[in-house]
Amino acid sequence: MNVLPSKEILRDKIHGCWIGKNIGGTLGGPLECDTSMHDISWFVKDPGGNPLPNDDLDLQLAWLLMAEFYGFEKITFRHFGEMWNHAIIGPWGEYANCRLNCQQGFFPPLSGSCDNYGLERSNGAWIRAEIWACLCAGKPDDAIRYAYMDSSCDHVSDGVYAEMFIAAMEAAAFCESDIRKIIEIGLCKIPDKCRLRESIDLAIKYYDTGKTWQEARTAVVELNADMGWFHAPANVAFAVIGLLYGEGDFGKSICTAVNCGDDTDCTAATVGALLGIIQGEKAIPEKWKAAIGDAIVQHSLNGFSVQARIPRTITELTDRVIRLREIGELNNPDFVVADEDFCSREAAEAIWKKSPYYQDYDLIFGKITVEYLDKPYLTPGVPNRLRIRINGSIAGITLFRFAWQLPEGYTSDTEKFVVGVRNYCQTEFDTSITPPENISDNMVFINLAVSSTEHGSPEMVTVPFRKAGSTHVPFFVMNRNTDSCRQMFAIDKRCSR
């Protein structure tokens, strides 16, 4: 039977999670993007008692504010998208793609699946799993549900599975201390056949057969050579290498993760966070804690747009997470009851089966889901098939009335229709939209009027579409050989002295 520790120990573990995250991020930060192997055993540059800023932690501060304001248990995909739109200013790859998609009406999971070329399986999501693990301590299945909503903002497939893997491990680590069992719990939450699973299994195989961490790292790099750098399968495997070969030693573990190269701040930060949960803040060696202190230095959030107080210290962050947990317990006593079976796959399998091309609409009298069977891209004169799902409210049997409000030139095979829904049940039906031969705009918004037996005044569901081929966001690679780039790197070096 899985049982959460006492409140005092739980707090120490949550505190250890965030301290470990900050230490690992600061350790790996200076070597980020360097894909070669390293040989460090301490910070390459003395932090002087202050951590480096790190988007791995920053974005989780946004999720903390979101959970505090809207209520942890009430968070939806739309909340994630709106918060991203207003709070997150980080310009990096998939973050910028998510913002662009949300601004154009493609909220999660569409924001992660649409026109996110080359970044769908990158590292941006699994690095932000700690907030869900701490809020869902001892409840891996709850943690992966939030991790799924979070990661769907800017990723699909392995990019999503990676955050589910990390969130499950960290949530379980509040009750389980054996690294191998914790890794196995994480593996239960991802598909058996995916590149992420293959990469992790390879790292485990090399450890179990007595190979060096260098050999394990090289094997993982070779397996993922087709993906290039900065992708989840290889980097999550590097974190696993750090955990296995570090053998419980905090410093050795985070340094091994960094020494694998690539997205070093992410791998070390995740390893540090997981060991911080297992061992608690008090067990982290004092030299590592003293090197970075208690401060949080953030650079990815828009302080002008988000007026709520952003935590400035790890201690404050810990206190506010604890407070959210207390509120959760007041709303639902089962909130603090650990999952009975950490290795259950039922909740995870339900997530794997979901299409990445749908959007939810929460109406007061029911929840409407629009799934794009042909993806949300319109081709002139070609029908685009949609599946509409309706979840009834607490009320009894209800008839829902739907009516498309089509722009000029657009047609539908079911322009008006009526669907019956029973309370607590789900109903679905298929429809389609056919655009004209000439689509003038790259984004098209079509209203679906929804009313019910008890609600004659319709509510509007706005369904966004994008003209096929109208948007292309390439994977940018910095050209470090240009004069302007060399000049900026020279300035950076002078300023860092």
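Note that this is a predicted model, so its numbers are computed, not measured.

**Overview of the overall build of the protein chain**
Here comes step 1: A count of helical and extended segments in the protein chain gives 18 helices and 10 strands.
Here comes step 2: A globule of 497 residues ought to have a C-alpha radius of gyration of about 23 Å, and the protein chain, at 24 Å, matches this closely.
Here comes step 3: Projecting the C-alpha coordinates of the protein chain onto the three principal axes gives extents of approximately 65 × 60 × 50 Å.
Here comes step 4: Per-residue burial over the protein chain gives 56% buried out of 497 residues.
Here comes step 5: Within the protein chain, contacts between residues at least 6 apart in sequence are counted, and of these 72% link residues at least 24 apart.
Here comes step 6: For the protein chain, the exposed surface amounts to about 21000 Å²; the carbon and sulfur share of it is 52%.
Here comes step 7: The centroid of the 48 positive side-chain charges in the protein chain is displaced by 1 Å from the centroid of its 66 negative side-chain charges.

**Remarks on the confidence of the model for the protein chain**
Here comes step 1: Averaged over every residue, the pLDDT of the protein chain is 92; residues scoring 70 or more account for 94%.
Here comes step 2: When the criterion is pLDDT under 50, residues 492-497 qualifies, and its contacts beyond four places in sequence or with other chains add up to one contact.

**Description of helix H11 (residues 213-223)**
Given 3.6 residues per helical turn, the α-helix brings residues three or four places apart onto the same face.
Here comes step 1: Among the residues of H11, Trp213, Ala216, Arg217, Ala219 and Val220 are the ones counted as buried. The buried residues of H11 occupy an angular sector of 160° when the element is viewed end-on, so they sit on one face.

**Considerations on the pairing of strand E7 (residues 416-421)**
The side chains of a regular strand alternate between both faces of the sheet.
Here comes step 1: In E7, alternate side chains face the same way, and those of Phe417, Val419 and Val421 are buried while those of Lys416, Val418 and Gly420 on the opposite face are not.
Here comes step 2: The sheet contact formed by strand E5 (residues 398-405) and E7 spans six bridges and is antiparallel. Bridge pairing in E7 places Phe400 opposite Val419.

**Some points on the pairing of strand E8 (residues 426-434)**
Here comes step 1: Inspection of the sheet shows strand E4 (residues 384-392) paired to E8 by eight bridges, in the antiparallel sense. Among the inter-strand pairings, Arg389 is bridged to a residue of E8, identified as Glu428.
Here comes step 2: Across two bridges, strand E6 (residues 411-412) lies against E8 in antiparallel orientation. Each residue of the ladder has a partner; that of Thr411, found in E8, is Thr434.

**Some details on the sheet that holds strand E2 (residues 366-372)**
Here comes step 1: Ordered by their spatial adjacency, five strands build an open sheet running E1-E2-E4-E8-E6, and the pairing between neighbours is antiparallel. Only two strands of the sheet have a single neighbouring strand rather than two, namely strand E1 (358-363) and E6.
Here comes step 2: Bridge analysis of E2 against E4 gives seven bridges, and the strand direction is antiparallel. Within the sheet, the bridge partner assigned to Tyr372 lies in E4 and is Leu386.

**Side note on the nonpolar core**
In a soluble, globular protein the nonpolar side chains are often hidden away together inside.
Here comes step 1: If you look at the biggest cluster of nonpolar residues, it comprises 121 residues, and the most contacted ones within it are Trp63, Trp132 and Phe165.
Here comes step 2: Residue contributions to this core peak at 11 residues, all from helix H12 (residues 232-246).
Here comes step 3: Listed in part, the 33 residues of the second largest apolar core include Leu363, Val370, Phe402 and Ile433.

**What to know about unusual backbone geometry**
Here comes step 1: Residue Pro109 is reached from Pro108 by a cis peptide bond, and omega for that bond is 5°.
Here comes step 2: Secondary-structure assignment places Pro109 in the loop between helix H4 (93-103) and helix H5 (110-113).
Here comes step 3: Its identity is not glycine, yet Ser157 carries a phi of approximately 45°, on the positive side.
Here comes step 4: Relative to the elements of secondary structure, Ser157 occurs in the loop between helix H7 (140-151) and helix H8 (158-172).
Here comes step 5: Here Ser157 falls in the partly exposed class, since its relative accessible area comes to 31%.
Here comes step 6: Notably, Lys375 is not glycine yet its phi reads approximately 65°, a positive angle.
Here comes step 7: Mapping Lys375 onto the fold places it in the loop between E2 and strand E3 (377-378).

**Points about the sheet that holds strand E9 (residues 443-452)**
Here comes step 1: Overall, mixed pairing links the five strands, which are arranged E3-E10-E9-E5-E7 in an open sheet. This sheet does not close on itself; its edge strands, each paired only once, are E3 and E7.
Here comes step 2: Strand direction decides the pairing type here: E3 and strand E10 (residues 455-467), joined by two bridges, are parallel. Within E10, the residue paired with Tyr377 across the bridge is Arg466.

**Re the pattern of salt bridges**
Here comes step 1: Applying the stated rule across the entire model yields 28 salt bridges.
Here comes step 2: The residue Glu68 makes a salt bridge to Arg320 at a minimum N-O spacing of 2.7 Å. With a gap of 252 residues between them, Glu68 in helix H2 (residues 55-70) and Arg320 in helix H16 (residues 314-331) connect regions that are remote in the sequence.
Here comes step 3: Here Glu68 falls in the partly exposed class, since its relative accessible area comes to 32%.
Here comes step 4: Here Arg320 falls in the buried class, since its relative accessible area comes to 16%.
Here comes step 5: Between Asp141 and Lys189 there is a salt bridge, with its nearest N and O atoms 2.7 Å apart. A residue pair is termed long-range when its members are at least 10 positions apart, and Asp141 in helix H7 and Lys189 in the loop between helix H9 (179-187) and helix H10 (195-208) qualify at 48 residues. Here Asp141 and Lys189 have matching classes, each one buried.
Here comes step 6: Here the salt bridges share partners, and the residues they tie into one network are Asp192, Arg197, Asp201, Arg345 and Glu349.

**A look at the packing of H8 against H9**
Here comes step 1: For the pair H8 and H9, the least separation of the axes is 8 Å and the interaxial angle reads 140°. When the interaxial angle is binned, H8 and H9 end up oblique. In this structure, the crossing between H8 and H9 has a hand that is right-handed. Between H8 and H9, the residues in contact are Phe165, Ala168, Met169 and Ala172 and Ile182, Ile183, Ile185, Gly186 and Leu187, respectively.

**Here we look at the environment of Leu4**
Here comes step 1: Along the chain, Leu4 falls in the segment before helix H1 (7-28).
Here comes step 2: Separated by 58 residues in the primary sequence, Leu4 and Ala62 place their C-alpha atoms 26 Å from one another.
Here comes step 3: Those residues in contact with Leu4 that sit more than four places away from it in its chain are Leu10, Ala137, Gly138, Phe174, Cys175, Arg325, Val336 and Ala338.

Rules used in this analysis
Residues numbered from 1 in each chain as written. Predicted model: local features only at pLDDT ≥ 70, side-chain atom pairs only at ≥ 80, totals over all residues. Heavy atoms only, no water. Helix = DSSP H or I, 4+ residues; strand = E, 2+ residues; numbered from the N terminus. Rg over C-alpha atoms; globule rule 2.2 N^0.38 Å. Buried < 20%, exposed > 50% of the residue type's maximum accessible area, 1.4 Å probe, protein only. Contact = heavy atoms within 4.5 Å. Areas by Shrake-Rupley, 256 points an atom, 1.4 Å probe, with all protein chains shown as cover. Lys, Arg positive; Asp, Glu negative; His and termini not counted. Charge placed at Lys NZ, Arg CZ, Asp CG, Glu CD. pLDDT = per-residue confidence, 0-100. Arc of directions from axis to C-beta. Pairing = 2+ DSSP bridges. Core = buried A, V, L, I, M, F, W, Y, C linked by side-chain atoms within 4.5 Å. Salt bridge = Lys/Arg side-chain N within 4 Å of Asp/Glu carboxyl O. Axes fitted to C-alpha atoms, helices over the stretch in contact; angles between N-to-C directions. Parallel < 35°, antiparallel > 145°, perpendicular 65-115°, else oblique. Left-handed = near helix turned anticlockwise from the far one by under 90°.

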